[in-house]
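One letter stands for each residue in the lines below.
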Amino acid sequence: MSARQDWLAAAGTALSGTVAVPGDKSVSHRAVMFAALADGTSRIDGFLEGEDTRATAAIFQQLGVTIETPSASRRIVHGVGVDGLKAPSAPLDCGNAGTGMRLLSGLLAAQPFGSTLVGDASLSKRPMRRVTVPLARMGARIDTEDNGTPPLRIHGGQAITGIDITTEVASAQVKSALLLAGLYAQGETVVREPHPTRDYTERMLSAFGVQIEFSPGYARLRGGQRLSATDIAVPADFSSAAFFLVAGSIVPGSQLRLRQVGLNPRRTGLLTALRLMGANITEENRGEHGGEPVADLVVRHAPLRGIEVPEEIVPDMIDEFPILFVAAACAHGPTVVRGAAELRVKESDRLASMANGLRALGLQVDETPDGATIHPGVLGGGEVDSHGDHRIAMAFAVAAQRASAPVRIGDIANVATSFPDFDGLARSLGMSLQPAD
Ligand code: S3P
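What counts, and at which threshold
- Residues numbered from 1 in each chain as written.
- Predicted model: local features only at pLDDT ≥ 70, side-chain atom pairs only at ≥ 80, totals over all residues.
- Heavy atoms only, no water.
- Buried < 20%, exposed > 50% of the residue type's maximum accessible area, 1.4 Å probe, protein only.
- Helix = DSSP H or I, 4+ residues; strand = E, 2+ residues; numbered from the N terminus.
- Pairing = 2+ DSSP bridges.
- UniProt positions renumbered as here; feature names shortened; annotations may be inferred.
- Contact = heavy atoms within 4.5 Å.
- Phe/Tyr/Trp six-rings, centres within 6.5 Å; stacked < 30°, edge-to-face > 60°.

Asks: Please clarify how the pairing of strand β20 (residues 371-375) should be interpreted in this entry.
Replies: Each regular strand shows side chains that alternate between the opposite faces of the sheet. Of all five residues that make up β20, four are buried, and the element is covered over most of its length. For strand β18 (residues 335-337) and β20, the ladder comprises three bridges, and the chain directions are antiparallel. Bridge pairing links T335 to I374 in β20. In this sheet, β20 lies alongside strand β19 (residues 364-368) in antiparallel orientation, the contact comprising five bridges. Note on β20: the bridge partner recorded for Q364 is H375.

In structure tokens, the structure reads:
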């Protein structure tokens, strides 16, 4: 576990420059997993050098997969085939990564050997029954703690059968866990979702040669298929770009270009929300990268107005609520969020973390079980706690750019899980953000 670190953030200058944010976290996790399961050697370009995705790569090494790192952000994965993983000799540590743990639970439940998945303090509090209960219906045996949290003790050697299921929560992690178990199942697996979620598992399995039928909110595959190696180009992570989209919008005089950001429609709900708020964000140099739509995003400062966030876009911006709260704090008029109860079970309770942090800086935030109303105002200085949540830490670093006095942001070490050099990049654009003593 990383040592406790804090940041000191304050209003800097207008932001300007061109930014290349790191590779997509969701795509990086899946690239390493599917390449490990494939027949043959796959190259991954643009791999996120974050703690979460490195933890997943290290787990596959423990499972007997050879992974080379020819240079930063590159991996060469020597796939062992769907039946080639080896029993690990120690628990597998997913670190802070819900994606790693939940996807692996489906994959490992179908192996002939047993395994144990563990995580850090935050992950150890997160709900796992959303995967273990439907996986049990497929024949898996996975023990959790009494309250449904990790460690996950996975009994190997179970006969897995296909399932036709509508998931209770809209979660790409749950859908992906079931599809990965489904790869090993007798018969067909069909996953239907209450709201469509990101479809990287479906798209990437298809790129690895798996026959899979999918459309928004629906996926179906037959068990017993093999994967064949392919090269993966990881697009830049929209969720990392999001912090600079809001920073550029709220700091007067700013203009930023975010280069070739992944714009999968299941990820870009924040763009819709910011545009409804009056943000000035244009898309230039549209193209495709690794099968995903990408474009440069050019953001210029603009006055924002509060909105009611349309509930149907909540799953498409599920990781962006911390920074949306910051945009809302700097807007004219209140912003209302509903239908976002999932935020309570992310790396921290993000509704509470953001509401408490904004209150500490002098704003009024009314929390509800599944959302909040953010009343904008003048942000003061003070101390906020990120609760070890990377996105809360980065959101408050952006908020501080509009604060009337310095903001100390506590417990920021986990920023390295998704965006290792966030502070260096932020400083190079004009933000004031330093390690605190
Ligand atoms: C992810 C799915 C989302 C998201 C997480 C990454 C993925 O979680 O919050 O950061 O890669 O599948 P849920 O699907 O559980 O909402």
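That covers the picture; the talk isn't over yet.
Asks: Sorry, what's going on with the UniProt feature "binding site: phosphoenolpyruvate" (unreviewed entry) in the protein chain here?
Replies: Summarizing the sequence annotation, UniProt attributes the feature "binding site: phosphoenolpyruvate" (unreviewed entry) to K25, G98, R126, Q173, R350 and R391 in the numbering used throughout. Mapping G98 onto the fold places it in helix α3 (residues 98-109). Beyond its immediate chain neighbours, meaning those up to four positions away, G98 contacts L123, R126 and Q173. For R350, the residues in contact, after removing those within four places along its chain, are D319, P322, L343, R344, D389, H390, R391 and I392.

Asks: Which parts of the structure should I look at to understand the packing of aromatic side chains?
Replies: The relative placement of two aromatic rings is captured by the distance of their centres and the angle of their planes. Enumeration according to the criterion identifies six aromatic pairs in this entry. Between the aromatic rings of W7 and F422, the centroid separation amounts to 5.8 Å while the plane-to-plane angle is 35°, which identifies the pairing as tilted. In this pair, W7 is assigned in strand β1 (residues 7-10) and F422 in helix α12 (residues 422-429), connecting sequence segments 415 residues apart. Residue classification places W7 among the buried positions, given a relative accessible area of 3%. Using a relative accessible area of 0% as the deciding quantity, one classes F422 as buried. Each ring, one from F419 and one from F422, has its centre 5.3 Å from the other, and the planes form 75°; the classification is edge-to-face.

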